[in-house]
Amino acid sequence: MKYRIYVFVIISALLFSCNNNKQKAIIIGKVDNAGKEEVVYIEELGKRLSALTDSTAVNWRGRFRLSFDLKNAGFYKLYFNSGPFITLIISPGEKVIVSGDMTDFYNTKNIEGSEASLRVNVLHDSLRSTILLLDSLKALYASLDESDTLNKLRIEKQYHGVKQRHHHYSTAFILDDLKSLANISALYQEYAPDEFVFFTNRDLQFFKLVSDTLSQEFPKVRLLKTLTENYNSMLTGYNLSRIMQNTPMVSYDIPELKLPGPNGKIIALSSIRCKLLLLNFWNVNQQESIQNVLQLKEIYDKYHRYGFDIYQVSLESSFDKWKRVLAFEDLPWTNVCDTLFPYSSTKTVYNITSLPMNYLIDKQSEEIITRNIPPDMLDKHLNNYFSNRKK
């Protein structure tokens, strides 16, 4: 009898340890003005077949509760039978609280307990507003007489400007937190079916960047595996026509910068020829920027001969003062100045929120390796990179 009890205890312990990898994900909701027969559903996204995870009726007080076992982070669609839906990115053990008014759900919704879910919904709110604006411009364009060429051209310009601003916003959204799963949603945004926000040859860079970064953090997320597969197939041409609208395959690159150097001559970021490039942003009035530049001078002198270079963008209000500081500091690399900051596209495209700031770029593959690498880590990375290539 004792033997049987002992065996039972061991089996129970083993079963507990096997199930311990899974944790409950809980969604608690409170919605105002819900219908009497309102039902809420939670469905996993990324599966080939329908994957309804849980559902429940919304009670008379507008409250509901959903729960399910979750082993890995995943993307879920929370939707009501009356129409409204949102995307949630839920991790094991998270307790997500959703609230809103069913008469205006998208403008009143509130999400707590899941940073990734909150982030993806901020993105979707921006996309939704953009689509409404684009639709209004389409309607206005259609209402014009065929002979009203001047106004048609004006609306076309506005239309493409709205798209460009949302693309810049989405690029900054990705670069702001490269380790966020919400970046997958950013890459697959559509203004309309098959009308993608990210579709050009340059945008392939962001598919690569997000795929490589998130694969290290979330190797088992279902939609991440799909993203990696899609990127590989796009790169080899299988789905290139869908994403790139039949444009020819060319090497993809990071967002271009074309800014004036000290003599006023425009210098393009893409014109720098090297193996590894540090795109560095700074300001001559900021002490931290100055200290950073002094450290970079030592690193530059150490590795420039092997193929390391710097393209340094100074974000200034005074071009003349910048030139005087350059002459005093005697900086040996490429220096350019953006005096339109913070109203220039540089801020948006590269998501500059503080200075100094940098991106380390592999110029041979035109890939962003990392963002905001401190000088000591840069030294180690360069030493490792060039040492391996000497062997």
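Quick summary incoming for the structure in this document.

Thresholds applied
- Residues numbered from 1 in each chain as written.
- Predicted model: local features only at pLDDT ≥ 70, side-chain atom pairs only at ≥ 80, totals over all residues.
- Heavy atoms only, no water.
- Pairing = 2+ DSSP bridges.
- Helix = DSSP H or I, 4+ residues; strand = E, 2+ residues; numbered from the N terminus.
- Axes fitted to C-alpha atoms, helices over the stretch in contact; angles between N-to-C directions.
- Salt bridge = Lys/Arg side-chain N within 4 Å of Asp/Glu carboxyl O.
- Buried < 20%, exposed > 50% of the residue type's maximum accessible area, 1.4 Å probe, protein only.
- Polar contact = N/O pair within 3.5 Å; in protein donor to acceptor, adjacent residues only side chain to side chain.
- Contact = heavy atoms within 4.5 Å.
- Core = buried A, V, L, I, M, F, W, Y, C linked by side-chain atoms within 4.5 Å.
- Phe/Tyr/Trp six-rings, centres within 6.5 Å; stacked < 30°, edge-to-face > 60°.
- 1 Å grid on protein atoms, 1.4 Å probe; cavity = no way out; pocket = protein on both sides within 12 Å on 5 of 7 lines; lining within 4 Å.
- Points joined across faces, edges and corners; volume = space filled by probe spheres on them.
- Nonpolar A, V, L, I, M, F, W, Y, C, P; charged D, E, K, R; others polar.

**Things to note about the sheet that holds strand β4 (residues 63–70)**
An order of β4-β1-β7-β8 is seen for the 4 strands of this open sheet, with the pairing classed as mixed. Since the sheet does not close on itself, it has two edges, and those belong to β4 and β8 (110–112), each with one partner. If you compare each strand with its neighbour and ignore which way they point, the axes differ by 15° on average. Where strand β1 (residues 23–32) meets β4, 8 bridges bridge the pair, whose relative direction is antiparallel. Residue pairing for β4: I28 is matched across the bridge by R65.

**Let's talk about the pattern of salt bridges**
Scanning the entire structure with this criterion turns up 10 salt bridges. One salt bridge connects D125 with R128, and the closest N-O pair in it is separated by 2.8 Å. With D125 and R128 both in helix α3 (residues 115–143), this residue pair falls 3 residues apart, about one helical turn. A residue is classified by how much of its surface remains accessible, and D125, at 27% relative accessible area, is partly exposed. When its relative accessible area of 26% is taken as the criterion, R128 is described as partly exposed. Residues K163 and E195 are paired through a salt bridge, measuring 2.4 Å at the closest nitrogen-oxygen approach. Here K163, found in helix α4 (residues 149–176), pairs with E195, found in strand β10 (residues 195–196); they are 32 residues apart in sequence, far enough to count as distant. The same class applies to K163 and to E195, which are both buried.

**Topic: the side chain of S170**
Within the fold, S170 resides in helix α4. The class for S170 is buried, based on a relative accessible area of 0%. For S170, the side chain forms a polar contact with the side chain of Q189, separated by 3.0 Å. Once residues within four sequence positions are removed from consideration, S170 is found in contact with L123, Q189, V197 and F198.

**Considerations on unusual backbone geometry**
Leaving glycine out, the prevailing phi sign among residues is negative, and the prevailing peptide bond configuration is trans. Along the chain, L355 connects to P356 via a cis peptide bond; the corresponding omega equals -5°. Following the sequence through the fold, P356 ends up in the loop between α11 (345–349) and β16 (357–362). Backbone geometry places N372, a non-glycine residue, at a positive phi of 55°. Mapped onto the elements of the fold, N372 is located in the loop between β17 (367–371) and α12 (375–390).

**Thoughts on the nonpolar core**
Of all hydrophobic cores here, the largest spans 54 residues; its most connected members are I184, L279, F281, Y311, V313, Y350 and Y359. With 6 residues, α4 is the largest single contributor of residues to this core. In contact with Y311, other than residues within four places in its own chain, are L257, L259, I267, A268, L269, I272, L277, L278, L279, N280, T334 and V336. Counting 24 residues, the second largest nonpolar core, distinct from the first, contains V293, C337, L382 and Y385.

**Digging into the sheet that holds β16**
Within a sheet, each strand pairs with its neighbour through backbone hydrogen bonds, oriented either parallel or antiparallel. Pairing is mixed in the open sheet, where 5 strands are placed in the order β15-β14-β13-β16-β17. Taken across any chain shown, the strands that pair with only one partner, and hence form the sheet edges, are β15 (334–338) and β17. When the angles between neighbouring strand axes are averaged without regard to direction, this sheet yields 20°. Alignment of strand β14 (residues 308–315) against β15, held across 5 bridges, turns out to be parallel. Pairing of V313 across the sheet is with V336, part of β15.

**Structural notes on the packing of aromatic side chains**
All told, the structure shown has 16 aromatic pairs when counted by the stated rule. Judged by centre distance (6.4 Å) and plane angle (35°), the ring pair of Y169 and F173 falls under tilted. One end of the pair is Y169 and the other is F173, both in helix α4 and 4 residues apart, which spans about a single turn. Looking at F173, the relative accessible area reads 8%, which means it is buried. An aromatic cluster is built from F64, F80, F85, F105 and Y106, whose rings are joined through pairwise contacts.

**Some words on empty space enclosed by the protein**
Within this structure, the stated rule accounts for 2 cavities of 30 Å³ or more. Volume-wise, the largest cavity comes out at about 60 Å³. Along the wall of the largest cavity there are 10 residues; nearest its centre are I254, L269, S270, K363 and E366. Looking at side-chain class alone, the lining of the largest cavity contains 5 nonpolar, 1 polar and 4 charged residues. The calculated volume of the second largest cavity comes to roughly 30 Å³. Taken together, I131, L134, D135, K138, Y159, Y191 and E195 make up the full set of residues lining the second largest cavity. Top contributing element to the lining of the second largest cavity by residue count: α3, with 4 residues. Of the residues belonging to the lining of the second largest cavity, the class tally is 4 nonpolar, no polar and 3 charged.

In short, geometric facts, not functional conclusions.
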